[in-house]
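Residues per chain, in single letters:
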Amino acid sequence: MRIIVSFLLAAAMAASVLSSPSRAADTMDAWKTQVVKAVAKKQRYPRSALAREVEGKAKIRLTVLSDGTISGHEIVEPTGQNVLDKEIPRLVKRLSPLPSLPAGRDEVSFVLPLDWSLN
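A few points on the structure. (Residues numbered from 1 in each chain as written. Predicted model: local features only at pLDDT ≥ 70, side-chain atom pairs only at ≥ 80, totals over all residues. Heavy atoms only, no water.)

### Topic: the pairing of strand 1 (residues 56-65)
1) Next: Pairing of strand 1 with strand 3 (residues 107-116) involves ten bridges; the strand directions are antiparallel. Along strand 3, the bridge assignment pairs L62 with F110.
2) Next: Of the pairings in the sheet, the one linking strand 1 to strand 2 (residues 70-77) comprises six bridges and is antiparallel in character. The residue of strand 2 that forms the bridge with V64 is I70.
3) Next: The hairpin formed by strand 1 and strand 2 contains four residues between the paired strands, and G68 there has a positive phi angle of roughly 95°. (Pairing = 2+ DSSP bridges. Helix = DSSP H or I, 4+ residues; strand = E, 2+ residues; numbered from the N terminus.)

### Digging into the side chain of E87
1) Next: Here E87 shows up in helix 3 (residues 82-95).
2) Next: E87 gets classed as buried once you look at its relative accessible area, which sits at 5%.
3) Next: At a separation of 2.5 Å, a polar atom in the side chain of E87 contacts the side chain of R94.
4) Next: Each residue touching E87, except ones within four places of it in the same chain, is listed here: R44, P46, R94 and W116. (Buried < 20%, exposed > 50% of the residue type's maximum accessible area, 1.4 Å probe, protein only. Polar contact = N/O pair within 3.5 Å; in protein donor to acceptor, adjacent residues only side chain to side chain. Contact = heavy atoms within 4.5 Å.)

### Notes on the pattern of salt bridges
1) Next: Evaluated as defined, the whole model comprises five salt bridges.
2) Next: A salt bridge links D29 to K32, with the shortest nitrogen-to-oxygen separation between them at 3.9 Å. Taken as a pair, D29 and K32 lie in helix 1 (residues 21-42) at a separation of three residues, close to a single helical turn.
3) Next: A relative accessible area of 40% means that D29 is categorised as partly exposed. (Salt bridge = Lys/Arg side-chain N within 4 Å of Asp/Glu carboxyl O.)

### Section: the sheet that holds strand 2
1) Next: Pairing is antiparallel across the open sheet formed by three strands, whose spatial order is 2-1-3. If you trace the sheet from one side to the other, it starts and ends with strand 2 and strand 3, each paired once. Between one strand axis and the next, the sheet turns through 25° on average, direction left out of account.
2) Next: Across the sheet, helix 3 lies against strand 1, strand 2 and strand 3, angled at about 155° from strand 2, the strand it touches most. (Axes fitted to C-alpha atoms, helices over the stretch in contact; angles between N-to-C directions.)

### Observations concerning the side chain of S117
1) Next: Turning to its location among the elements, S117 is positioned in the segment after strand 3.
2) Next: In this structure S117 comes out as buried when scored by relative accessible area, which is 15%.
3) Next: Separated by 2.6 Å, the side chains of S117 and D115 make a polar contact.

What follows is the structure, encoded as structure tokens:
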């Protein structure tokens, strides 16, 4: 069995720039890659969900401060599976802090899709 973790940042995240648009995009792309790795490393499949072969997808909005601290989260779309929805706040707690934001960024908010799938 393998846990599938998906990740997509909202378009608004890429809207602001640092000193030059291409450099800003490169810097944010590098930060996004670090976040993807953190999520892949820290997302867990609850044992009871594995035992019952429960799968689900969710979307959460995270707000991240310049030092990487997650200052807030909101479940935008729950999985509909109680066992997986209870795991979301635990995941957020394990994720904080994320890598520091690129220079010039005080705060960023993005939507993070989560996927618990068994293969």
